[in-house]
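Overview (structure and organization)
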Amino acid sequence: MLQMNDIRKVYRTDLVETHALEGFSLNVESGEFVAVMGPSGSGKTTFLNIAGLLDVFDGGSYRLGGKDVSRLGDRAMSQIRNRSIGFIFQSFNLIPDLDVFDNVDVPLRYRGIGGAERRERIEDAVGKVGLSSRMHHLPSQLSGGQQQRAAIARVLAAQPELILADEPTGNLDSIMAREIMDLLEEINRAGTTVVMVTHSPECAARAAREIHLLDGRVVDIERPPALIGSRQAR
Amino acid sequence: MLAYNLRIAARSLRRNPVLTAVIIGGIALGICISTTFTTIRHMFTRDPLPGKSARIVYVRLDNWDKDQAYPKSAGGGNAYDVPPQITYKDASALVRSTIPVHQFLSYISGLVVFPDRSVSRPYTDRIRFTQSDFFLMFDVPFRYGHPWDRRADAAGEQVAVIDDATNQKLFGGGNSVGKTVRIKDRSFTVVGVLAPWRPFIRVYDLINNWSAAPEGIYLPFAVGTRMEARPSGETDVPRWAPPFGQDFAAALRSELDYVQLWAELRSPADRAAYQRFIDDYVRQQKALGRFPRPVNDPVLSLRELLTDMNVMRPSVTAMAVISILFLVICSLNLTGLVLGKFLARVPEVSVRRALGASRADVFLQHILECELVGIAGGAIGMILSSGIVRFIGKLITDTTVISLDLEMIASAVFLSLVAGFVAGLYPAWRICNTQPAVQLKI
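Note that the structure is a prediction, hence the values are computed from the model and not measured.

The subject of this paragraph is the overall build of chain A. Helix and strand counts for chain A stand at 8 helices and 10 strands. Along the three orthogonal principal directions, the C-alpha set of chain A runs to about 50 × 45 × 35 Å. Relative to its full complement of 234 residues, chain A shows a buried share of 44%. Looking at chain A alone, contacts between residues at least 24 apart form 69% of all its contacts between residues at least 6 apart.

Tallying secondary structure elements over chain B gives 15 helices and 11 strands in all. Rg of the C-alpha trace for chain B: 30 Å, well past the compact-globule value of 22 Å for 442 residues, more than 25% over. In terms of overall dimensions, chain B has C-alpha extents of about 100 × 55 × 35 Å along its principal axes. Split into buried and exposed, the 442 residues of chain B put 43% on the buried side. Considering only residue pairs separated by 6 or more positions, chain B has 79% of its internal contacts joining residues 24 or more positions apart.

With that out of the way, let us pick up the sheet that holds strand β4 (residues 59-64) of chain A. All names here are of chain A. Here we have 4 strands laid out as an open sheet, ordered β2-β1-β4-β5, and antiparallel in their pairing. The open sheet has two edge strands with one neighbour each: β2 (17-28) and β5 (67-68). When strand β1 (residues 2-12) meets β2, the two strands line up antiparallel, connected through 8 bridges. Bridging from a neighbouring strand, M4 pairs with L26 of β2.

What follows is about the environment of B:R151. By secondary structure assignment, the location of B:R151 is in helix α5 (residues 150-155). Taking the C-alpha atoms as reference, B:R151 lies 9.3 Å from B:S132; in sequence the two are 19 residues apart.

Turning next to the confidence of the model for chain A. Residues and elements named next belong to chain A. Per-residue confidence for chain A averages 87 on the pLDDT scale, and 94% of its residues sit at or above 70. Within chain A, helix α8 (residues 225-233) has the poorest average pLDDT of any element, 41, and helix α3 (residues 100-111) the best, 95. Low pLDDT, under 50, characterises residues 224-234; the predicted model gives this stretch 3 contacts beyond four residues in sequence or across chains.

Of the residues lining the interface, 27 residues belong to chain A; the matching set on chain B comes to 20 residues. Listed by contribution, the elements that provide at least two residues to the side of chain A that touches chain B are α1 (44-51), α2 (74-84), α3 and β7 (162-166) of chain A. The element best represented in the side of chain A that touches chain B is α2(A), accounting for 6 residues.

A few words now on the packing of α3(A) against helix α4 (residues 115-128) of chain A. Residues and elements named next belong to chain A. Relative orientation of the contacting elements α3 and α4 amounts to 120 degrees, with a least axis distance of 10 Å. Considering the angle they form, α3 stands oblique to α4. Taken as a pair, α3 and α4 cross one another with a handedness that is right-handed. Note on element contacts: α4 touches α3 through R118, R121, I122, A125 and V126, opposite V100, F101, V104, D105 and L108. Here the contact of α3 with α4 is composed, by residue class, of 7 nonpolar, no polar and 3 charged.

Our next topic: unusual backbone geometry. All names here are of chain B. At N209, a residue that is not glycine, the phi angle is positive and equals roughly 60 degrees. Mapped onto the elements of the fold, N209 is located in the loop between β8 (186-194) and β9 (217-220). Here the phi dihedral of F291 falls at roughly 50 degrees; this positive angle occurs in a residue that is not glycine. By secondary structure assignment, the location of F291 is in the loop between α9 (268-287) and β11 (299-301).

The subject of this paragraph is the domain arrangement of chain B. For interface size, the figure often reported is the accessible area lost on association. The assigned domain composition of chain B is domain 1 (2-47 + 314-439) and domain 2 (56-308). Computed from C-alpha coordinates alone, the two centres of domain 1 of chain B and domain 2 of chain B are separated by 48 Å.

Attention now moves to the confidence of the model for chain B. All names here are of chain B. Across chain B, pLDDT averages 91, with 96% of residues at or above 70. Of all secondary-structure elements in chain B, the lowest mean pLDDT belongs to helix α15 (residues 436-439), at 74, while β9 reaches the highest, 98. In the model output, the complex is listed with pTM 0.73 alongside ipTM 0.89.

Residues and elements named next belong to chain B. Interhelical geometry of helix α2 (residues 17-45) versus helix α11 (residues 314-343) gives an angle of 165 degrees and a closest axis separation of 8 Å. Classified by the interaxial angle, the pair formed by α2 and α11 is roughly antiparallel. The two elements α2 and α11 meet at a crossing, and its hand is left-handed.

In this section: α3(A). All names here are of chain A. In terms of burial, α3 is largely enclosed, as 9 of its 12 residues are buried. Buried within α3 we find V100, N103, V104, D105, V106, P107, L108, R109 and Y110. A positive phi of about 75 degrees marks G112, the residue just after α3.

So, about the nonpolar core. Within the largest apolar cluster, 112 residues are counted, with the highest numbers of intra-cluster contacts made by A:V36, A:A153, A:L164, A:V195, A:M196, B:I27 and B:I31. No other element matches α2(B), which puts 10 residues into this core. Core analysis: the next-biggest nonpolar cluster, separate from the first, contains 62 residues, B:V181, B:V203, B:L261 and B:L305 among them.

Residues and elements named next belong to chain B. Structurally, D65 is set in the loop between β1 (56-59) and β2 (86-87). Taking the number of C-beta atoms within 10 Å as the measure of exposure, D65 has 14 and is therefore partly exposed. For the pair D65 and A241, spaced 176 residues apart in sequence, the C-alpha separation works out to 8.6 Å.

Conventions used here
Residue numbers here run from 1 along each chain, matching the order of that chain's written sequence. Chain letters start at A and ligand numbers start at 1, both assigned in the order the entries are written. Totals for whole chains, interfaces and linings use every residue, but because this is a predicted model, local features are given only for residues with pLDDT of at least 70 and side-chain atom pairs only at 80 or more, for both listing and counting. Helix and strand definitions follow DSSP, with helices as H or I runs of at least four residues and strands as E runs of at least two, each counted in order from the N terminus. The burial criterion counts other C-beta atoms lying within 10 Å of a residue's C-beta, which is placed from the backbone; the residue is buried at 20 or more, exposed at 12 or fewer, and partly exposed between these limits. Here, residues touch in the contact sense if the C-beta positions derived from the backbone fall within 7 Å of one another. Each radius of gyration is computed over the set of C-alpha atoms, and the globule rule expresses the reference value as 2.2 Å times the number of residues to the power 0.38. Note on pairing: two strands pair once DSSP finds at least 2 bridges between them. Predictor confidence is given residue by residue as pLDDT, running from a minimum of 0 to a maximum of 100. Every angle, taken between N-to-C directions, lies between 0 and 180 degrees, and every axis is a line fitted to C-alpha atoms, over only the stretch in contact when it is a helix. Throughout this description, any angle smaller than 35 degrees is read as roughly parallel, any larger than 145 degrees as roughly antiparallel, any in the 65 to 115 degree range as roughly perpendicular, and the remainder as oblique. For any helix crossing, the convention is left-handed if the near helix is rotated counterclockwise from the far helix by under a right angle, and right-handed if that rotation is clockwise. Residues are grouped as follows: nonpolar covers Ala, Val, Leu, Ile, Met, Phe, Trp, Tyr, Cys and Pro; charged covers Asp, Glu, Lys and Arg; every other residue, Gly included, is treated as polar. Each domain span listed reflects an automatic or database assignment of domains. Here a nonpolar core is just a set of buried residues of the types Ala, Val, Leu, Ile, Met, Phe, Trp, Tyr and Cys, joined wherever their C-beta atoms sit within 7 Å.

Here's what the structure looks like:
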């Protein structure tokens, strides 16, 4: 699904060069649930930006869904973001003056899906996250957990192959966080690849694989076979 | 997608109504000024007689002094240094040409009109002595009746055409064909009543105040001669010509330039033939001791004459250009406001980019918003401009004759779209090049 090989990313200012990623390589198989951990400044956000085609990189190669995405133009990258990638943000990033229905509608609009199908997808996705009764509420009228569920509904409606989530429970209390993780697990079980950056060992423990970053490199990959069983037993 | 982008744009405009109003107001001001001045220019430059202007020609002859050219007007018009009108004897000779399909002679005279005593006291009016083809060639609109015919021209019949205002004044309106109007010491039978008619430029007489309203009463040219109606408009006499005193018959034989000759020709070949006819006539007259200067008798089409007589002043074009530059400056000044408005929306744009909006989508969405503002500003500007051009029309010509026609409305809509585009181009380019990764913490 996601193959990064020897990725290098340098942030430059007049005075200093910061090597955010240096020789970064990672393979994520289709249908995997991967947690990415590491201290602040280890390159987690840079990795997600590049993985989500929101930023360019200086060296190495990146294949997504078997396709080399290193040198694509803006329109092609936008199409991949729209069709293949779903983002879940720590701060939800709902558009404040759109209600839940219209927020979930945004990626479908850019895909050019017809009105009837859009409505069907939106109602289905919003129903799955339990927000049907809040369909026409603005984000400001929702709790943090409800906002994150609306953001997940936005991803569900778009039906991407890969979900990139950055601290999806970072702004939520423990009960809400568990609900969100349950939803992510459910989505992953349905076949969608999930790559999640988190500081929380509890959240990371629910992934099939944990990857640890330090100074822009992958330093450790944990793949405890027992974890899958424990996750299923939970 | 267009409808979706329009919805987003409309929502964005509603989000900050004060800022939106300021931007719309700026564009409205620019459109108002530019539309006002381009409309005034348009009134001067548009074809006064579509389809005919190239075929209708005006005759001038240089009967001026041998050692001194006819003086140019103060405005620099009259590139041919030739008197703008011709003598009665030349006009009478040239009008016999069979080359034109239509032609007429014309001059104005101030005469006393005697209404019915129960209606009004006698008053002096500027009366145009002309020929029947005048009405046909210049598309003069009739409400009742019709022009007199060529037979009436030849016989000098005492018939009259009056305008709508004169009809109201003398007869209280209505169909007055067949009624009698007394002018000076004669009675004239009304054969036609004009519909209200107020050309912006009185193109059939560019010599005697082209911006004035058309005359109220029209009588056959031959009657003017018979009545000894003296010209009351512009006249010229060269210094070499013998004096003619107060004798009207002598004036007709003299070098007094007061008659205007217009002709309508079928084709460029006819125009060339007509020019040769005029040249030949001048050469004949030179042989008889007249026309001391070299042959200089330009036959100009109506459009050429408008330029030569300097009706269309360069300053009018300059003002129109300056007004459009003003609109551009308004739009550029608004760029800062629009940029601020758009940059406040960077987080939303970043989310949209992450969800699949391309740079082109973002650019289009924001340019559409600017075009909505441009159209709203343009609509307000056009309404304001419409009022201002009417006011200016009253200042220039004492009656309202300037208005925004379809061409000017289309031009204003186009300028509104350009203004919106100019105001939004840089801000839309800036925001569509926003790096979403910088704004989004994913």
